[in-house]
Amino acid sequence: MSSTETQPEDTPIDHRTDLLRQMLRIRRFEERCAELYSASKIRGFLHLYVGEEAVAVGVTHALSEDDALVSTYRDHGHALARGVPMDAVMAEMYGKATGCSRGRGGSMHLFDVRRRFYGGNAIVAGGLPLSVGLALGDVMSGRRRVSACFFGDGAVAEGEFHECLNLAALWQLPVLFCCENNLYAMGTALNQAQAVTDLALRASSYGLTSWPVDGMDVIAVAEAAQRAVEGVRAGAGPCFLELRTYRFRAHSMYDPDRYRDKEEIERWKQRDPIDGLAADLRAHGELTDDELSGIEEGIKKELDQAVAMAETAPVEPVEDLTRFVYAERPR
Amino acid sequence: MAATSMAQALNAALRDALSENERVLVFGEDVGQLGGVFRITDGLTAQFGEQRCFDTPLAEAGIVGYAVGLAMGGFLPVVEMQFDAFAYPAFEQIASHVAKIRNRTRGALSIPMVIRVPYAGGIGGVEHHCDSSEVYYVATPGLKVVTPATPADAYTLLRAAIDDPDPVVFMEPKKLYWSKEDTELRYDSEPLGRAAIRRSGKDATLIAYGPSVPVAMQAAKVAAEDGLDLEVVDLRSLVPFDDETVTASVRRTGRCVVVQEAQGFAGFGAEVAARVQERCFHSLSAPVIRVGGFDIPYPPPMLEHSHLPGVDRVLDAVDRLQFSDEPDGRYLTGVRA
């Protein structure tokens, strides 16, 4: 589905521009991370979200502050879209004590309990049960909240995926399952791993509402997520969105990306969610070059500041190395 | 005073915890209507309703993961893994999430939950129903690991595990489910982490836990007939480990045998032996000896008595504690008696 098909007449202009701004903010953050990684400022593993921005921005747009979000190891975009401050995310990349996980999580384990952002998780499909448990808790407490979880197409091969879809459907739990189908589970193509590659169809076999969404179109994602969240919040049971997207960069900074055709990558880049929306806004006179430059400048300023703060922030003192494994005082 | 079985004591602990704290939830496979395969949750759904004690599909990783989500949402989940080996599909959640979220969030989130694991042998269960799986959990920082040996302890330790701010793997020695003692079930809010001296003695210390405690007690009784006065320490909590009680006992007796039902190689007994020699070296008159199961998958019913370390194997180890200065031929030849 395309944006023109799904865009409602009354979508406010600043709303669409804000979605663009959010996507750009993630894109520029990721590009800076790649530079900082090459400069050895960021160490360890790094998985970038470039190309998939429409998914994080569109889905989180539909969530309220009180809803929960469970993420994956490709979590920078999710965290930023969720509202985790950029300086706390960047400091976490640096492993600094001012990071959102006090430097202990790093790129793959961003966490922000206050914003109900429950990580940042490197086990494929490992986060799904957490979101189901959060949703079950809400039902038991009589709270009308939604628990959303992101996971990739690779998670569909894991047992926990099936355990969770089944239970959420069986007990009609308020979970929004957001499958970021970027066609590759690291280096293995979806059609090399799954007999049935229509993942929305797979999900529907568990008895939950599911449909595929153009994950390169932020308006389409936002609207689909809005519709899904409304149903889930109203008690209609869980919902599954197959967000068809693509990562423009390799799986991680170590990945030589030998398993993808260059032409295929280029083809998907033609559908860049940022370029697409920017062009559309321009065509409709909703965005001028000056406005776009203004947005870029604002992001650059925010990024520069986040990097500067991360640079000078302290690491957690070595005396704290063995802390927080167990509770430090009785409840 | 009434004779109470360990199964009844555990049931009472869950019942009392459910009554006293509405955040406590009990769930797992067949724990609701059926009351659990060992009837540990018998009657809880009837008394507290399906909102508090309920059945789940057969999906162990899911069960533990849902519990993590519930704990993050303020509940106190107590989940049952039905059998030791049935918990292995849940190991992903236990090792990667349950044990790590406090650390990952630098203390911002606690995951208070109890994972009940009926474990160890003696009931004719073969491979997948009689595993001694404690070593997998004790080697995972962030988990507490507890195992009772008596009905009174089963009650107290389970209550303490539910009250504990950390995740606790609560290992129930299933062959002791039907063991009884005359006891009042009492919970005095003592935190986890204290060993108990089951029998005082001066000649050597037997250190045991869970299913091996009655074996050690019986061995001490037999040894007493031969004039040897053995002390028996019941660890109760493997993590945290009560170095204080263990060290004091071995320094007093100067000799130590560690008894475990699990396979010996790299088992928990190896950790105990290492800690004892590190702390009691100058008090020791003999090497610390481990007695355990053989390094094999758990055998079928007709053979399990040969695998399980019984009184004879414990007494044999006690014999090797160099009470005499005479050379021990068994060491010289390498042949065990």
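As a convention, each chain's residues are numbered from 1 in the sequence order in which they are written. Lettering of chains starts at A and numbering of ligands starts at 1, both following the order in which they are written. Two thresholds apply to this predicted model, a pLDDT of at least 70 for residue-level local features and 80 or more for giving and counting side-chain atom pairs, whereas whole-chain, interface and lining totals are computed over all residues. Note that the side-chain values use all heavy atoms of the structure and ignore hydrogens as well as water.

**Regarding the overall build of chain A**
What chain A contains, in helices and strands, is 13 helices and 7 strands. For chain A, whose C-alpha radius of gyration is 19 Å, the value lies close to the compact-globule estimate of 20 Å for 331 residues. Here the C-alpha coordinates of chain A stretch approximately 55 × 50 × 40 Å along the principal axes. Buried positions account for 57% of the 331 residues belonging to chain A. Long-range pairs, those at least 24 residues apart, make up 74% of the contacts in chain A between residues at least 6 apart in sequence. The numbering of helices and of strands both runs from the N terminus, where a helix is a DSSP run of H or I of at least 4 residues and a strand a run of E of at least 2. For the radius of gyration, the atom set is restricted to C-alpha positions; the globular benchmark scales as 2.2 Å times the number of residues to the power 0.38. Residue burial is assigned from relative accessible area. The probe radius is 1.4 Å, only protein chains are included, and a residue is buried under 20% of its type maximum, exposed over 50%, and partly exposed in between. The contact criterion used is simple: two residues touch if any of their non-hydrogen atoms lie within 4.5 Å.

**Digging into the domain arrangement of chain B**
Residues and elements named next belong to chain B. Source of the domain bounds: an automatic or database domain assignment. We note that the domain assignment places domain 1 (3-182) and domain 2 (196-325) within chain B. The C-alpha-based centres of domain 1 and domain 2 are spaced at 27 Å. Contacts between domain 1 and domain 2 engage 27 residues on the former and 25 residues on the latter. As a working definition, buried area equals the accessible area (1.4 Å probe) given up by two parts on being put together, with both sides summed. Where domain 1 abuts domain 2, roughly 2000 Å² becomes buried across the two surfaces, and 61% of that area is made up of carbon and sulfur atoms. For this analysis, a salt bridge means a side-chain nitrogen from Lys or Arg found within 4 Å of a carboxyl oxygen belonging to Asp or Glu. Taken together, the connections running from domain 1 to domain 2 amount to 3 salt bridges. Among the salt bridges present, the one from arginine 236 reaches aspartate 153, with a minimum N-O distance of 3.0 Å. Pairing of N or O atoms within 3.5 Å defines a polar contact, subject to two protein rules: one partner must be a possible hydrogen donor and the other a possible acceptor, and residues neighboring in sequence count only if both atoms are side-chain atoms. For the pair domain 1 and domain 2, the interface holds 11 residue pairs in polar contact (both at pLDDT 80 or more). Broken down by secondary-structure element, the contributors of at least two residues to the side of domain 1 that touches domain 2 are helix 6 (134-138), strand 6 (144-146) and helix 7 (151-163). In this classification, Asp, Glu, Lys and Arg are treated as charged, Ala, Val, Leu, Ile, Met, Phe, Trp, Tyr, Cys and Pro as nonpolar, and every other residue, Gly included, as polar. When the residues that make up the side of domain 1 that touches domain 2 are grouped by side-chain class, the tally is 15 nonpolar, 7 polar and 5 charged.

**Focus on the side chain of glutamate 29 of chain B**
Residue position: glutamate 29 of chain B is located in the loop between strand 2 (24-28) and helix 2 (44-48). Leaving out residues up to four positions away in the same chain, glutamate 29 of chain B has contacts with Asp55, Thr56, Pro57, Leu58, Ala59, Glu60, Ile63, Glu80, Gln82 and Phe86 of chain B.

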